[in-house]
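# Residue-level structural notes
The chain contents come next:
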Amino acid sequence: MERRRVVVTGLGAVSPLGNTLAENWDAILDGKSGVAGIRVFNPEHHTVKIAAEVKGLDLSPYMDKKEARRMDQFIQYGMVAGIQAIQDAGLEAANLDLSRVGVSVGSGIGGINTIEATRDTYVQRGPKKISPFFVPSAVINMISGNLSIRYGYAGPNLAVTTACTTGTHNIGMGARLIQWGDADTMIVGGAEWATSPITIGGFANMRALSMRNEEPEAASRPWDRERDGFVLGDGAAVLVLEEYEQAKSRGADIYAEVTGFGMSADANHITSPRDNGEGFVACMQNAINDAHISSDAIQYINAHGTSTPQGDVAETRAIKTVFGSDTKVPISSTKSMTGHLLGAAGAIEAVYSVLAVKNQIAPATINLDNPDEECDLDYIPHTARDMTITSALSNSFGFGGTNATVIFRQV
């Protein structure tokens, strides 16, 4: 069977920068930061007191209060982004074979806040007070499950969970299901609500998080000499992927084409990449090979770029290996604005990459005031850049050494 073409026809986004696609893109182009003091709990006894939280999300256009109460917020975020993407693609009015429409939306951590709260209920009030909706409100596959039930999508239904690579793996695996005939349409992405006392405490004790509590908007600063860790972020992003001929025949507006997907493992350490970025190199090269292009065809990279001392250097070295030590390819980390959305990071960054291709504008890396001498590439500091972008590459790397890269091309 000849591999079928896959295109992006719908986008949805809920992030620290805004609760709609338009709000997100406007904030990205304006170089705004979504980082602030933690609001969802009192961080008085925590060493880290900042995060990039979702703010002011109104659920009423998407679900009723009864339905919302049965979902952890990571599911709510995923549902909102999914509904937005489905509406954006015009799928609700499309005459589709629902057995050929699937869903693959994952999460890196899942319902950690619901798990924490339910544990408190159990300790304080006993097992009979545990909600019968506890399990379906917390398990990772329930964004896919709820979207499938809501719309009657009876195709493949799954939720890849691979830490911070989750969103990109769901996109890539969804694209492959279409390419090889298992589905004609896939709703794909990732969601996360991990700003909880335990999660913040755990990451802080790993010394993974920025301690810049007094300057939250400047805390996420990929490739800068003064970076001291990532900022935890919440949100969700969902893309609608379709087989090209189907999208064209129904007159869908096409954002971009998915042309390449690559995966690899560092096989090194539970949290740290190899210093030379060897696993990242394999991942990017696999995606480029899958797209049947050379590295010269990539005009923009949305980097993993977490703002950690080791990770930023390893990714820089990997990019130099793939693209050449003197590469001029423009690179940015939108995590400088959104923080790190963990399981949703690859999905929100894919959305920004697709919009970069569609609008021919590369997002900036904010807070890059004093570049690390080992990070000496073109990271598009401070200001978004109008430029030609035929193909864009987006990286995601996660704990356990799991890596994924996806490539989008202008149509």
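The following paragraphs examine the structure supplied in this document. (Residues numbered from 1 in each chain as written. Predicted model: local features only at pLDDT ≥ 70, side-chain atom pairs only at ≥ 80, totals over all residues. Heavy atoms only, no water.)

### Re a positive patch on the surface
Taken together, the side chains of Lys65, Lys66, Arg69 and Arg70 make up a positively charged region of the molecular surface. When you line up the elements, Lys66 lands in helix H2 (residues 65-69). By relative accessible area, which is 49% here, Lys66 ends up partly exposed. (Patch = residues over 30% accessible without salt bridge, like charges linked within 9 Å, V, L, I, M, F, W, Y side chains within 5 Å. Areas by Shrake-Rupley, 256 points an atom, 1.4 Å probe, with all protein chains shown as cover. Salt bridge = Lys/Arg side-chain N within 4 Å of Asp/Glu carboxyl O. Lys, Arg positive; Asp, Glu negative; His and termini not counted. Charge placed at Lys NZ, Arg CZ, Asp CG, Glu CD. Helix = DSSP H or I, 4+ residues; strand = E, 2+ residues; numbered from the N terminus. Buried < 20%, exposed > 50% of the residue type's maximum accessible area, 1.4 Å probe, protein only.)

### Focus on the layout of surface pockets
Here the largest pocket is characterised by a volume of approximately 500 Å³. Along the walls of the largest pocket sit 26 residues, with Thr271, Ser272, Pro273, Thr308 and Phe399 positioned nearest its centre. Counting residues per element, the ones that place at least two in the lining of the largest pocket are helix H10 (309-323) and strand E13 (391-398). Top element by residues in the lining of the largest pocket is H10. It accounts for five residues. Of the residues that constitute the lining of the largest pocket, the class distribution is nine nonpolar, twelve polar and five charged. (1 Å grid on protein atoms, 1.4 Å probe; cavity = no way out; pocket = protein on both sides within 12 Å on 5 of 7 lines; lining within 4 Å. Points joined across faces, edges and corners; volume = space filled by probe spheres on them. Nonpolar A, V, L, I, M, F, W, Y, C, P; charged D, E, K, R; others polar.)

### Digging into the packing of helix H9 (residues 278-290) against H10
Running from N to C, H9 and H10 point in directions that differ by 45°, and their axes come no closer than 8 Å. By the angle between their directions, the pair H9 and H10 is classed as oblique. With respect to the hand of their crossing, H9 and H10 are arranged in right-handed fashion. Contacts between H9 and H10 involve Phe280, Val281, Met284, Gln285 and Ile288 from the former and Gly311, Ala314, Glu315, Ala318, Ile319, Thr321, Val322 and Phe323 from the latter. Class assignment for the residues of the contact of H9 with H10 results in nine nonpolar, three polar and one charged. (Axes fitted to C-alpha atoms, helices over the stretch in contact; angles between N-to-C directions. Parallel < 35°, antiparallel > 145°, perpendicular 65-115°, else oblique. Left-handed = near helix turned anticlockwise from the far one by under 90°. Contact = heavy atoms within 4.5 Å.)

### Some words on empty space enclosed by the protein
Applying the stated rule across the entire model yields one cavity of 30 Å³ or more. In this model, the largest cavity occupies a volume close to 30 Å³. Gly172, Ala175, Arg176, Gln179, Val258, Thr259, Gly260, Phe261 and Asp290 are the residues that line the largest cavity. Only helix H6 (166-179) and strand E8 (256-265) provide two or more residues apiece to the lining of the largest cavity. Its residues assigned to classes, the lining of the largest cavity comprises three nonpolar, four polar and two charged.

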